[in-house]
Amino acid sequence: MNDELRKKIEQAQSGNKKILNDLVEENYGLIKSISRRFMNRGYDIEDINQIGAIGLIKAIKKFNFSYNVTLSTFAVAYIIGEIKRFLRDDGMVKVSRQLKCLGAQIKVEKEKNENISIEELAKKLKVSKEDVVLAIDSSNTVESLEGKACEDGASLIERLGSNDNCEEKLVNNLTLKQCIENLEPRQKEIIYLRYFKCQTQKKVAEIIGISQVQVSRIEKQILKNMGEELKEA
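Residues numbered from 1 in each chain as written. Predicted model: local features only at pLDDT ≥ 70, side-chain atom pairs only at ≥ 80, totals over all residues. Heavy atoms only, no water.

Section: the pattern of salt bridges
- Counting across every chain of the model gives 7 salt bridges.
- With a closest N to O distance of 2.9 Å, Lys 58 and Glu 82 form a salt bridge. One end of the pair, Lys 58, is in helix H4 (residues 45-62); the other, Glu 82, is in helix H5 (residues 71-89), with 24 residues separating them in the sequence.
- For Glu 82, a relative accessible area of 11% corresponds to the buried category. (Salt bridge = Lys/Arg side-chain N within 4 Å of Asp/Glu carboxyl O. Helix = DSSP H or I, 4+ residues; strand = E, 2+ residues; numbered from the N terminus. Buried < 20%, exposed > 50% of the residue type's maximum accessible area, 1.4 Å probe, protein only.)

Below is the structure:
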């Protein structure tokens, strides 16, 4: 982070409203990019942008230079969290009938194959990956984070990402970093081996010296907690 940006953040945190507004303007493109995820929910996109700006302001005020991340990276979770809270607190999220139907189809396919990927669902149901993600998201579950890892260690949270979707990658990376920092030593080891070293649950059990069932139970609880933290972010 350059010295000029650091100074601006410090001034904004000290109560300089003009600098705070400048930072919001400089990062408004990020807000608009994120807001597009929540189109067709029954709200004007400019209203969503304004809610996103509130999330950005909260991120600026809570930003800590020791996090070793950029402001934009740190702000993504706050912007998304603020928009989701608005949609939730304002009443039910207005999900289109088409999206509801897609969600039902996805549920049927996942009952047949719980490890089916986003790409496979999109291909089978003849829709885009983005539509699949939105349908899953609209169901108000944390299924995308609770899914089991594949034998090669790949997770559903990784499958949700796209090489062309930088915002999604930022959210995933930041959320994982924040959540992992709060884990207990054994939990950290399991996540490290499973999702960074791509070990199977059986191999992790052998390394740590516990049963595969225990590894599975611990991992499932960790992912569930991560999902809850993400919803509150």
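Looking at helix H13 (residues 201-208)
- The set of residues buried in H13 consists of Gln 201, Val 204, Ala 205 and Ile 208. An end-on view of H13 places all buried positions within 100° of arc, on one side of the element. Across H13 from its buried face, at more than 90 degrees, point the exposed residues Lys 202 and Glu 206. (Arc of directions from axis to C-beta.)

Details of unusual backbone geometry
- Phi angles above zero are rare outside glycine, and Lys 126 is one such case at about 60°.
- As for its placement among the helices and strands, Lys 126 is situated in the loop between helix H7 (118-125) and helix H8 (129-138).

Comments concerning the packing of helix H2 (residues 17-26) against H4
- Taken N-terminus to C-terminus, the directions of H2 and H4 make an angle of 120°; their axes are 10 Å apart at the nearest point. Judged by the inter-axis angle, H2 sits oblique to H4. Like other packed secondary-structure pairs, H2 and H4 cross with a definite hand, here right-handed. Of H4, the residues touching H2 (which contributes Leu 20, Leu 23 and Val 24) are Ala 53, Leu 56, Ile 57, Ile 60 and Lys 61. (Axes fitted to C-alpha atoms, helices over the stretch in contact; angles between N-to-C directions. Parallel < 35°, antiparallel > 145°, perpendicular 65-115°, else oblique. Left-handed = near helix turned anticlockwise from the far one by under 90°. Contact = heavy atoms within 4.5 Å.)

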